[in-house]
Amino acid sequence: MDSSTGRAGLIRPRDDIGSMDKLAQSVLDDVLYNIISDLVMKTHREEKTAKANTAAIHIEKLASDASEGSTPDSKPDVRIETDAAIYEDGKVLLKGNPLQTTKDILCPKCHLPRLLHPTDGKGAKKPDPTVLYCKRQPFIEKPGCDIYGQSWVGPGPGRGKKKKDMEKKEDGPATPEQRPPNVLSFPSATCSKCKRCILVTRLNNHMGSCIGNSGRNASRAAAQKMSNGNSQTDQTPPSSQKATPAPGSRAASPRKRDASEDVGEESENAHKKKKLKASNPKKVILKTGKPNLNKKDSKPPSQLSQEHKAGPTSSPGETAPKKSTGLGMSPVKKLKASRPIPNSPLKNGGDAEVDSESSMTLSSPPAVAQTTA
Amino acid sequence: MAARPVTPASPKNVKVKTPAPGTPMYGCEHVQRLLTQGQEVMNSSISHYKMILRGIFDTTPIVAQTTNNDGRPVTSITSNFLCLQCPTTLDENERLNHGSKKQHRFYVDSRSGSLYCQMCDDLVWDPTFEDLRIRKMGTGSFSVFSFCNPELTGALCSLSGRKRKHEDLFSENDLRLINTNTTTASCRANGLRGIYNAGATCYQNVVLQSFIHNPLLRNFYLGDGHHDCSIQNCLSCAMDDMFQDFYAHETTNGFTAASILSAFWISEKKAFENLVTTKEQDAHEFFQFLAEELHERNGDGKKPEDGSEHNCDCVIHQTFYGKMQTATTCQNCLSTSNAVQSFLDLSLGLDNVNQKRKKKSQFSRPINLMDCLDEEYLNSDKCEYRCHGCNSTQQARRQTSIKRLPNVLSIQLKRFEFKQGGRDRAASKIDEHVQFPLQLNMLPYTHQSRIREGKENKELERSCIYDLMSVVVHVGELDTGHYMSYCRVGEQWFRFNDHKVEMATISDVLGAKAYILFYIIRTIT
């Protein structure tokens, strides 16, 4: 190596360093050059291939237009020439460098021009409103939005936020506002068993009570079973069953299987103790929540544990990361939360309809329902 | 440098790749002139190009990186150019001289194998040459199909998940059959949608997203792999619907996984009774549940048993299941017994690795995936063992290696530990960052490499290379928190947070505290 630096010329060694240092620096410079060259080559390949194909699509279209009555599949027997390509004997031959001869990029599938810049967010450019673009568009990079530039209204008042609603009742009435088309609301889905329309955020709880065995009836059945003769119950140890209404008694930690595999009895007990202790301060919630339980036939006991997890009083360490994943939480969006309900007025039926109506006007942070999990 | 041997004229005449509609026949006018001079020139150009590619991708790079500068070999780190028309390697400056002296106009980049045209003064992406290069680069062979070519994977989704040779894949008949019997999906339907959280179901969403972006499962479902099913609330039918929704519809709104959820609730799997609740659950357990349930719907009807060898050709077994072999050697009589068992995923412990590392050095380099794999599938451990030879309980050495690698390798990092402290031990989460690579070589952990120790085998190594496909991340505590995932589509990464999909950079992905990793094999042979 006789030159003072490598190919990239980005790293210029000082004169006063030893020859080994110089060598090392010029090797590093060469490696940088290779990295840059690989990146450029990849982009070059994408761009040039797309443009070459565009030239071909364009001229094939001209050829099939020129020869009437030909089916799109057959190769018309015409000779056409454009700036970028020649069409002859059903073959497309390039003329010149497609990078220079072709400006647009046509989608190889729908043959419409590709939009080359995102319409919003980072690097956005206004598209030409007169052009019909291919539907595959550059993804949008904008805080608070997804790759299609969409955002969501808050999941709406639901079971998860009732206590908060009560605390902040005076926060002001809702003023209905038109929401922009790219702000979506949470949809509803039909329960496969009872065929009722349920807001998606409540679907799991609903199915739990409708199909599964976590509803009130199930816990009653379990209680009955226990009083009838408890030694046969196999899955749940009796100790935990007695504690059923208390949150966390079913030890449903994300890693519970592994945990129970490796720890013995004693640590399981310790685990439970911890959990019970943690849930103690929230006993209050349990009580205030009771009246609602009547309205909704099937509030599963597990809901309580969820509630306190998501609730405002839970430890900041737990909720903080979850909250950050929430949607943009401007009051405006929250108000729209009620939207999905009018769409499915009847089918929501007993399921929390009353709650949502009453808490619609409230504006506590809407992150709750979604923060769990 | 030795001159390349002149290849004898191939008995088979090479043909230009038939261009698909919407693609030009040649990369540029000059390549066209070269390849239309006559069959002889055509044959020699193609065979010469193949030979150059073999030199670049199959042998040590030093050969192609070395030029002969007046009898003095010079090896460079940056690209050289190999003349397509004669056996000469040149650096960038010599290239022009050689061209004007010999009238040779085409050169091959010594690092990438790309074709350079002197007259265009540009790289040329000729369909015929480029096709050879892509195949050689990805698979080491000129005829096998590779996943690293995004264009090919796109086309494959209309075909069944069966392993096919590249040639079969693109026969005229197949294409015609596809064109006449299918409707093309909208350009917007790209499989990128979020999934709504139905109330503490993010542990399901992350696994579902990794399934949706798994090319093998996608091909199976979009290829109508699960059909004529009359089972009520079948989970596989629900998956089928989900794939349709993701890849055929234009909607960009989130997906509501109602049918999957109800199949989940209705399922009566004893082993997963504790999983079916409205609470937060473990994504890894849900993955196991999905795998077993889908195997039952598509497979041989046998229950996959833990600790045994299970051969089934259902889509789940073809995708996820591998086999590992445990060799136990008695320390007394030195007899070895082997046990083979199927695995759905590799569960790697972190605490052992952590402890060992702490003992070894004060410098705390972050743990990486290979440390964990070494610990589990390279190093042996001691155990008590009832030896048949000695007919008594003996100390034994146990070593596990991977006998058959799966097409999609799922790795769970056991991010929990038990705090040492007498009787009062509680499970807690290891929140440490574990480094993992974008490209994973599993060769060292295979049984084959154990047998042929030391011998270098490019072919074998190539068949053990995996690319990162999805990453499942858990944030929060052991018993409550949130799951997100990263999935790769082509070369772009996306972050899936329930219904919200965002672009992600590679450093976002590699910086994540992974819980489950999905790696996909690079080449299917």
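The name an unreviewed UniProt entry gives chain B is USP domain-containing protein, with Bionectria ochroleuca as the organism.

Per an unreviewed UniProt entry, chain A carries the name Transcriptional activator and comes from Bionectria ochroleuca.

A.B. asks: So what's going on with the overall build of chain A? Residues and values would help.
C.D. replies: Along chain A, the regular secondary structure elements total 15 helices and seven strands. Residue pairs in contact within chain A that sit at least 24 positions apart in sequence constitute 53% of those at least 6 positions apart. Carbon and sulfur atoms make up 55% of the accessible area of chain A, which amounts to about 19,900 Å² in all.

A.B. asks: Kindly report on the sheet that holds strand 9 (residues 336-343) of chain B, identifying the contributing residues and their values.
C.D. replies: Residue and element names in this part refer to chain B. The four strands are arranged 9-8-12-11 in an open sheet whose pairing can be described as antiparallel. Only two strands of the sheet have a single neighbouring strand rather than two, namely strand 9 and strand 11 (381-387). Pairwise comparison of adjacent strand axes, ignoring direction, gives a mean angle of 35 degrees for this sheet. Inspection of the sheet shows strand 8 (residues 322-330) paired to strand 12 (residues 392-404) by eight bridges, in the antiparallel sense. Across the sheet, the residue bridging to Gln 325 is Ser 401, located in strand 12.

A.B. asks: An account of the packing of aromatic side chains is requested, with residue identities and associated values reported.
C.D. replies: This model, assessed by the stated rule, comprises 21 aromatic pairs over all chains. Residues Tyr 221 of chain B and Phe 243 of chain B carry aromatic rings whose centres are separated by 5.2 Å and whose planes lie at 10 degrees to one another, so their mutual orientation is stacked. A residue pair is termed long-range when its members are at least 10 positions apart, and Tyr 221 of chain B in helix 10 (residues 215-222) and Phe 243 of chain B in helix 11 (residues 235-248) qualify at 22 residues. Judged by relative accessible area, Tyr 221 of chain B falls into the buried class, the value being 2%. Classification of Phe 243 of chain B as buried rests on a relative accessible area of 0%. Each ring, one from Phe 243 of chain B and one from Tyr 247 of chain B, has its centre 6.3 Å from the other, and the planes form 10 degrees; the classification is stacked. Taken together, the positions of Phe 243 of chain B and Tyr 247 of chain B, both in helix 11 and four residues apart, correspond to about one turn of that helix. For Tyr 247 of chain B, a relative accessible area of 13% corresponds to the buried category. Three or more aromatic residues link up through ring pairs in this structure, and these residues are Tyr 203, Phe 264, Trp 265, Phe 286 and Phe 289 of chain B. The ring centre of Trp 125 of chain B lies 5.9 Å from the NZ or CZ of Arg 45 of chain A, which sits over that ring. The cationic tip of Arg 95 of chain B hangs over the ring face of Tyr 116 of chain B; the distance from NZ or CZ to the ring centre is 3.8 Å.

A.B. asks: Quick rundown of the confidence of the model for chain B? Include the residues and the values.
C.D. replies: On average, residues of chain B score 82 in pLDDT, and 85% of them are at 70 or above. Under a pLDDT of 50 for its full length, residues 145-168 of chain B has, in the predicted model, 54 contacts with residues more than four places off or in other chains.

A.B. asks: If you had to explain the pattern of salt bridges to someone new, which residues and values would you point to?
C.D. replies: All told, the structure shown has 23 salt bridges over all chains when counted by the stated rule. Across the pair Asp 38 of chain A and Arg 111 of chain B runs a salt bridge whose closest N-O atoms are separated by 3.0 Å. Pair noted here: Asp 38 of chain A is in helix 1 (residues 19-66) and Arg 111 of chain B is in the loop between strand 5 (106-109) and strand 6 (115-117), and the two residues belong to different chains. Residue Arg 111 of chain B is classed as partly exposed on the basis of its relative accessible area, which comes to 24%. One network of salt bridges, with partners in common, ties together Arg 79, Glu 81, Glu 88 and Lys 95 of chain A.

A.B. asks: Go over the packing of helix 11 of chain B against helix 12 (residues 258-266) of chain B with me, naming the residues and quoting the values.
C.D. replies: Residue and element names in this part refer to chain B. It is at 8 Å that the axes of helix 11 and helix 12 come closest, and there the two elements cross at 165 degrees. Our classification of the angle between helix 11 and helix 12 gives roughly antiparallel. Every pair of crossing elements has a handedness; the one defined by helix 11 and helix 12 is left-handed. Two secondary-structure elements touch here, helix 11 through Leu 235, Ala 238, Met 239 and Met 242 and helix 12 through Ser 259, Ile 260 and Ala 263. The class makeup of the residues in the contact of helix 11 with helix 12 is six nonpolar, one polar and no charged.

Rules of the game
- Residues numbered from 1 in each chain as written.
- Chains lettered and ligands numbered in written order.
- Predicted model: local features only at pLDDT ≥ 70, side-chain atom pairs only at ≥ 80, totals over all residues.
- Heavy atoms only, no water.
- Helix = DSSP H or I, 4+ residues; strand = E, 2+ residues; numbered from the N terminus.
- Contact = heavy atoms within 4.5 Å.
- Areas by Shrake-Rupley, 256 points an atom, 1.4 Å probe, with all protein chains shown as cover.
- Pairing = 2+ DSSP bridges.
- Axes fitted to C-alpha atoms, helices over the stretch in contact; angles between N-to-C directions.
- Phe/Tyr/Trp six-rings, centres within 6.5 Å; stacked < 30°, edge-to-face > 60°.
- Buried < 20%, exposed > 50% of the residue type's maximum accessible area, 1.4 Å probe, protein only.
- Lys NZ or Arg CZ within 6 Å of the ring centre and 35° of its normal.
- pLDDT = per-residue confidence, 0-100.
- Salt bridge = Lys/Arg side-chain N within 4 Å of Asp/Glu carboxyl O.
- Parallel < 35°, antiparallel > 145°, perpendicular 65-115°, else oblique.
- Left-handed = near helix turned anticlockwise from the far one by under 90°.
- Nonpolar A, V, L, I, M, F, W, Y, C, P; charged D, E, K, R; others polar.

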